[in-house]
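Chain residues, written in single-letter form:
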Amino acid sequence: MTDLYEFIKYLDDELEVSTIDDFCPNGLQVEGLNQPIKSIATAVSASLATIEKAIELKPQVLIVHHGLFWKKDSYRITGIKKEKLLKLLDHGITLLAYHLPLDCHREWGNNWKAAKDMGWKNLQGFGSKCGNSHIGVVGTLDNVAVEDFQKHLEQFYQHSAHCALGGPKTIKRAALISGGAHREIHKAVDEKIDAYITGSFDEPIWHVAFEEKINFFAMGHSNTETVGPKALGQHLAAKFNLEHQFIDIENPF
């Protein structure tokens, strides 16, 4: 049996929440029943579909990357936010959310975990500072043809790439920042990186990629941020002897 608040403290400490300035409250967002934990679920976002699936699965704790509360939100609890809160509270589910802490973590984060799983070498932090680390990661590859690199990305993320192949035909260095980080392509250009991977894209990025001679790949905001919640859930299940299920809600964006 695992105590709820010992569990939350472990997560807050391991993900170094206190060191990271974020756009949202990290850690506990909604307190459910204070009961020993037997089962957890993880997901990308605290969407209504995610919460309804969690109610079916009956975990004591739901851990997400995108929580319910953001700094620019209205203070009013109305509409869909009220509905989500009522569902969580009515079913005693505790909601934990870890945003940037689950991007930059070097073991269970969206970026470092993906880079390791894809076989990148000589990993270093990339992009903006995130607590004691950086939000993204850069690594080296063994002269991979750009077409093969794209196939590997699509196989890993199970998602077709939106790409602008303006860079070299052989990839030796690649950088990754999950989620909505297409504007960070300029950092990759400055560091003379062959390929930059993120989740999102926008019209100007096409021109930037060809003008600055870099390969750009957008693999889906949601898809690139399944890695961390899955890895974290698996770690917690093993450490605390818990049941874990990843709630995979379809989202091609």
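Structure: above.
Residues numbered from 1 in each chain as written. Predicted model: local features only at pLDDT ≥ 70, side-chain atom pairs only at ≥ 80, totals over all residues. Heavy atoms only, no water.

**Looking at the side chain of Gln29**
So, point 1. Tracing the backbone shows Gln29 in strand E1 (residues 27-30).
So, point 2. Under the relative-accessibility criterion, Gln29 is labelled buried at 13%.
So, point 3. Engagement of the side chain of Gln29 in a polar contact is seen with the backbone nitrogen of Leu68, the distance being 2.8 Å.
So, point 4. Once residues within four sequence positions are removed from consideration, Gln29 is found in contact with Gly67, Leu68, Phe69, Leu95 and Ala97. (Helix = DSSP H or I, 4+ residues; strand = E, 2+ residues; numbered from the N terminus. Buried < 20%, exposed > 50% of the residue type's maximum accessible area, 1.4 Å probe, protein only. Polar contact = N/O pair within 3.5 Å; in protein donor to acceptor, adjacent residues only side chain to side chain. Contact = heavy atoms within 4.5 Å.)

**Some thoughts on the pattern of salt bridges**
So, point 1. For the coordinates displayed, the defined rule picks out 9 salt bridges.
So, point 2. Of the charged contacts, one joins Lys9 and Asp13 as a salt bridge, the two residues approaching to 2.6 Å between their closest N and O atoms. Of the two residues, Lys9 and Asp13 both sit in helix H1 (residues 4-14), 4 residues apart, roughly one turn of that helix.
So, point 3. Residue classification places Lys9 among the exposed positions, given a relative accessible area of 51%.
So, point 4. Its salt-bridge partner being Asp142, residue Lys121 comes within 2.9 Å of it at the nearest N-O pair. Here Lys121, found in strand E5 (residues 121-130), pairs with Asp142, found in strand E6 (residues 133-145); they are 21 residues apart in sequence, far enough to count as distant.
So, point 5. Under the relative-accessibility criterion, Asp142 is labelled exposed at 56%. (Salt bridge = Lys/Arg side-chain N within 4 Å of Asp/Glu carboxyl O.)

**Examining the nonpolar core**
So, point 1. Of all hydrophobic cores here, the largest spans 22 residues; its most connected members are Phe126, Ile185, Tyr196, Ile214 and Phe216.
So, point 2. Looking at this core, the elements that each hand over two or more residues are E5, E6, helix H7 (185-190), helix H8 (203-211) and strand E10 (215-218).
So, point 3. With sequence-adjacent residues up to four places away left out, Ile185 is seen in contact with Tyr196, Ile205, Val208, Ala209, Ile214 and Phe216.
So, point 4. Ala115, Val137, Phe149 and Met219 belong to the second largest nonpolar core, which has 20 residues in total. (Core = buried A, V, L, I, M, F, W, Y, C linked by side-chain atoms within 4.5 Å.)

**Looking at H1**
So, point 1. For H1, the full list of buried residues reads Leu4, Phe7, Ile8, Tyr10 and Leu11. The buried residues of H1 occupy an angular sector of 160° when projected down its axis, which confines them to one face. Exposed residues pointing more than 90 degrees away from the buried face of H1 are listed as Glu6 and Lys9.
So, point 2. Against the buried residues of H1 lie E1, strand E2 (39-45), strand E3 (61-66), strand E4 (94-97) and helix H9 (227-240).
So, point 3. Between the side-chain oxygen of the N-cap and the backbone nitrogen of Tyr5 there are 3.0 Å, and the N-cap of H1 in question is Asp3.
So, point 4. Looking one or two residues beyond H1, the residue adopting positive phi is Glu16, at roughly 50°. (Arc of directions from axis to C-beta.)

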